[in-house]
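Structural characterization, general
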Amino acid sequence: MRHAILFVLLCPGLLAAQAADSAQAARAHLRAANAALRAGDTAAALGAAELAVRAWPTQVAYRLTLARFAARAGRAELAFRELDTVIALGAGWTDRDPLHAALAGAPGYAALQARMQAGVAPLARSRVQATLPDTLFHPEGIAWDGARQRFLVSSIRRRQVVAVDLQGRTVPFLRPGQDGLDAVIGLGVDSMAGVLWLASRALPNQEGYTAADAGRSALYAYDLATGTLQRRVDAAGAGLGDLTLGPDGTVYLSDDVGQAIHRLRPGAPALEAVIRGDPLLRSPQGLALAPDGARLYVADWSHGLQVVDLASGRVRTVPLDGVGTLLGLDGLVLAAPGRLVALQNGLAPPRVVALTLDAAGERVARLEVLDRHLPLATGAQARDQHPRAGHGGADAGRDRGPARRALPRHPRLHRPPGDHLRHGAGGPAGHHRPHPRGPALGRPQSRRGQHGRGGRGPAIRGILATRGRGDAGRRLGQAVSARNRRPRRRPRPDRRVLAPVRAARPWPSGASRS
């Protein structure tokens, strides 16, 4: 009986290890497949690619690789089967892909390609909220300052933060490089304390970068009213990225270099690691705190949606019911109890998705595409243009399609329709209409919540929903959110889901990173 109890206790950790081992095995099989192909052994390459897909069935890039190998070997039926699955997973390929030339004359390929093109066609439900004047701004994070009715947007290249009001006017909030800022990544507004928290790290595509800057990272706190520095907490060697705030003011941060989640408790002198080195956290990005405050959802770019038990530090994968993939998730926000909104820029084309959780919050019961292939400029775009998924960290440079340069365009903040993020304070999601009057009008802050520790106003959240490739291929987009609530008898919430959009990039074939 004791052995049985021990097995039950160890089983969750065992399952997590198996999931991570499966992904690792798939990577090993794909490396073997590429090596066999370079050696001229197409049959061995095909066999190894099949093993990679079997080990990691939701990895689009691996299925496309298998389809290419199958087309090269003259096995059109296998290539068609894999491409059919790629379409079901929500991805596609371009006319420049080698498999297109290999299969163009095969019976049934034209119908398959037409179905793929329909599945990845632009789904533009958002509208432009604001256009930033600086084409080299490289926006990254965004947060809502309800008391001042403005959005705060961070820049990787300029190493600063700007404020954007509801009329789209942009003014500097922090100067470039102020107080030693490097590239500015995640933002979080603490409305109760009147503080803007931001994560900064040295990246090669920031202005003034030198090799001596490598490994520098820090968490900053600024006064929202004056922009003066209140605190800096260094995290040398870390890769601080996204952040979110707990109801008590604790700051949680992702670290894709150290493969860790950190937190800074109120009054603590330094960051502490909540979890480090777990095999399921290969590239942690966006964070969203569960309503109970006991669990932290993590968008892991390589392994999909994870959830961390903050008391024990245990990490579990949150699987998706049905056909689809959660790989390539980046930005993440809790839009309502049991409902997450995420940027999935590891898929080609990238998209904004709503994830409805089950009652226990342990599975994704439904995935809904809110926006896909966001428009990048006024006028028509070629069908194969979209913001190229870019990313830094431990996996930078792996499993990517060919990169092409494009002329810079003005970054934009996009706002999808409020109907896609319905929730009323104090009521279940979907039972209330979006607030017709827009965001809160700067009322006193009292109640605490995610990314803003609340406020006396309708629920407001911002998410940076689209990102593009930087000069050195570093990441240019993260998700942050601001959530402010005002208790009412008849809740009438507002939603703002915003996305800085920059230069167009040709989209690669499949997920750009394992």
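Everything quoted here is computed from the prediction, not taken from an experiment.

**Some thoughts on the overall build of the chain**
- On a plain count of helices and strands, the chain comes out with six helices and 25 strands.
- Burial statistics for the chain: of 514 residues in total, 60% are counted as buried.
- For the chain, the share of sequence-separated contacts (at least 6 apart) that also reach a separation of at least 24 residues comes to 61%.
- When the accessible area of the chain is evaluated, it comes to approximately 19,200 Å², of which 54% is carbon and sulfur surface.

**Some remarks on unusual backbone geometry**
- Cis geometry is found at the peptide bond from A348 to P349, where omega equals 0 degrees.
- Along the chain, P349 falls in the loop between β19 (339-344) and β20 (351-357).
- Here the phi dihedral of H138 falls at roughly 55 degrees; this positive angle occurs in a residue that is not glycine.
- When you line up the elements, H138 lands in the loop between β1 (127-131) and β2 (139-145).
- Overall, the relative accessible area of 0% leaves H138 in the buried class.
- Notably, R159 is not glycine yet its phi reads approximately 60 degrees, a positive angle.
- Mapped onto the elements, R159 comes out in the loop between β3 (150-155) and β4 (161-165).

**Digging into the packing of aromatic side chains**
- Taken as a whole, this structure holds four aromatic pairs when the rule is applied.
- Pairing F80 with Y109 gives two aromatic rings, centres 6.4 Å apart and planes at 55 degrees, and the pair type is tilted. Remark: Y109 occurs in helix α6 (residues 109-119) and F80 occurs in helix α4 (residues 76-88); sequence separation between them is 29 residues. As far as burial versus exposure is concerned, F80 and Y109 are alike and both buried.
- Both rings, one in Y220 and one in Y222, keep their centres 6.0 Å apart while their planes meet at 10 degrees; by these two values the pair is stacked. As far as burial versus exposure is concerned, Y220 and Y222 are alike and both buried.

**Some thoughts on the pattern of salt bridges**
- Following the criterion strictly, the structure yields 20 salt bridges and no others.
- Here E207 and R158 are joined by a salt bridge, their closest N and O atoms 2.2 Å apart. You can see E207 sitting in the loop between β7 (195-201) and β8 (217-223) and its partner R158 sitting in the loop between β3 and β4, a full 49 residues away along the chain.
- A relative accessible area of 30% places E207 in the partly exposed class.

**What about α4?**
- With 13 residues, α4 ought to run about 18 Å at 1.5 Å a step, and its terminal C-alpha atoms sit 18 Å apart, in line with that.
- Every buried residue belonging to α4 is among L78, A79, F80, E82, L83, V86 and I87, and all of these are buried.
- For α4, the secondary structure elements touched by its buried residues are α2 (42-55), α3 (60-72), α5 (98-103) and α6.
- At the C-terminal side of α4, G90 shows a positive phi close to 100 degrees.

**So, the packing of α4 against α6**
- Contact geometry of α4 with α6 gives a least axis separation of 10 Å together with a crossing angle of 15 degrees. It follows from the interaxial angle that α4 and α6 lie roughly parallel. Like other packed secondary-structure pairs, α4 and α6 cross with a definite hand, here left-handed. Along the contact surface, α4 presents F80, L83, D84 and I87, while α6 presents Y109, L112, R115 and M116.
- For the contact of α4 with α6, a count of residues per class yields six nonpolar, no polar and two charged.

**Things to note about the confidence of the model for the chain**
- Overall, the prediction assigns the chain a mean pLDDT of 76, with 70% of residues at 70 or greater.
- Confidence drops under pLDDT 50 across residues 375-407; counting only partners more than four residues distant or on other chains, this segment forms 109 contacts.
- Per-residue pLDDT stays below 50 along residues 419-514; that stretch engages in 418 contacts with residues further than four places along the chain or on separate chains.

**Examining the environment of G215**
- Looking at the secondary structure, you find G215 in the loop between β7 and β8.
- A relative accessible area of 38% means that G215 is categorised as partly exposed.
- Taking the C-alpha atoms as reference, G215 lies 7.6 Å from R201; in sequence the two are 14 residues apart.
- Among all residues touching G215, those that are not within four sequence positions of it are A236, G237 and A238.

**A few points about the pairing of β8**
- Burial analysis of β8 places seven of its seven residues in the buried class, the great majority of the element.
- Of the two faces of β8, the one carrying S217, L219, A221 and D223 and the one carrying A218, Y220 and Y222 are both buried.
- Relative to strand β9 (residues 229-234), β8 runs antiparallel, the two sharing five bridges. Considered in β9, the bridge of Y220 is made with R232.
- Adjacent in sequence and paired antiparallel, β8 and β9 are bridged by five residues, among which G227 carries a positive phi angle near 75 degrees.

The rules behind each value
As a convention, each chain's residues are numbered from 1 in the sequence order in which they are written. Local features are withheld for residues below a pLDDT of 70 in this predicted model, meaning they are given only at 70 or higher, and side-chain atom pairs are given and counted only at 80 or more; totals for whole chains, interfaces and linings count all residues. Calculated side-chain values reflect all of the structure's heavy atoms, with hydrogen atoms and water omitted. Helix numbering and strand numbering both begin at the N terminus, where a helix is a DSSP run of H or I of at least 4 residues and a strand a DSSP run of E of at least 2. Exposure is judged per residue with a 1.4 Å probe applied to protein chains only, and the accessible area is read against the type maximum: over 50% gives exposed, under 20% gives buried, and values in between give partly exposed. Only heavy atoms enter the contact rule, under which two residues are in contact if any of them lie within 4.5 Å. Per-residue and other accessible areas follow the Shrake-Rupley method at a 1.4 Å probe size, with only the shown protein chains counted as cover for residues. When the centres of two rings from Phe, Tyr and Trp lie within 6.5 Å, Trp using its six-membered ring, the rings pair. Their planes under 30 degrees apart give stacked, over 60 give edge-to-face, and anything left gives tilted. Any carboxyl oxygen of Asp or Glu that lies within 4 Å of a side-chain nitrogen of Lys or Arg is treated as forming a salt bridge with it. In a helix, the anticipated span is given by 1.5 Å times the number of residues less one. Axes, fitted as lines to C-alpha atoms, cover a helix only where it is in contact. Angles between the N-to-C directions of the axes lie from 0 to 180 degrees. An angle counts as roughly parallel when it lies under 35 degrees, as roughly antiparallel when it exceeds 145, as roughly perpendicular when it falls between 65 and 115, and as oblique in every other case. Crossing handedness is read from the near helix: turned anticlockwise from the far helix by less than a right angle, it gives a left-handed crossing, and turned clockwise, a right-handed one. Under this grouping Gly is polar, as are all residues other than the nonpolar Ala, Val, Leu, Ile, Met, Phe, Trp, Tyr, Cys and Pro and the charged Asp, Glu, Lys and Arg. How sure the predictor is of each residue is captured by pLDDT, a score from 0 to 100. Strands were regarded as paired on the criterion that DSSP finds at least two bridges between them.

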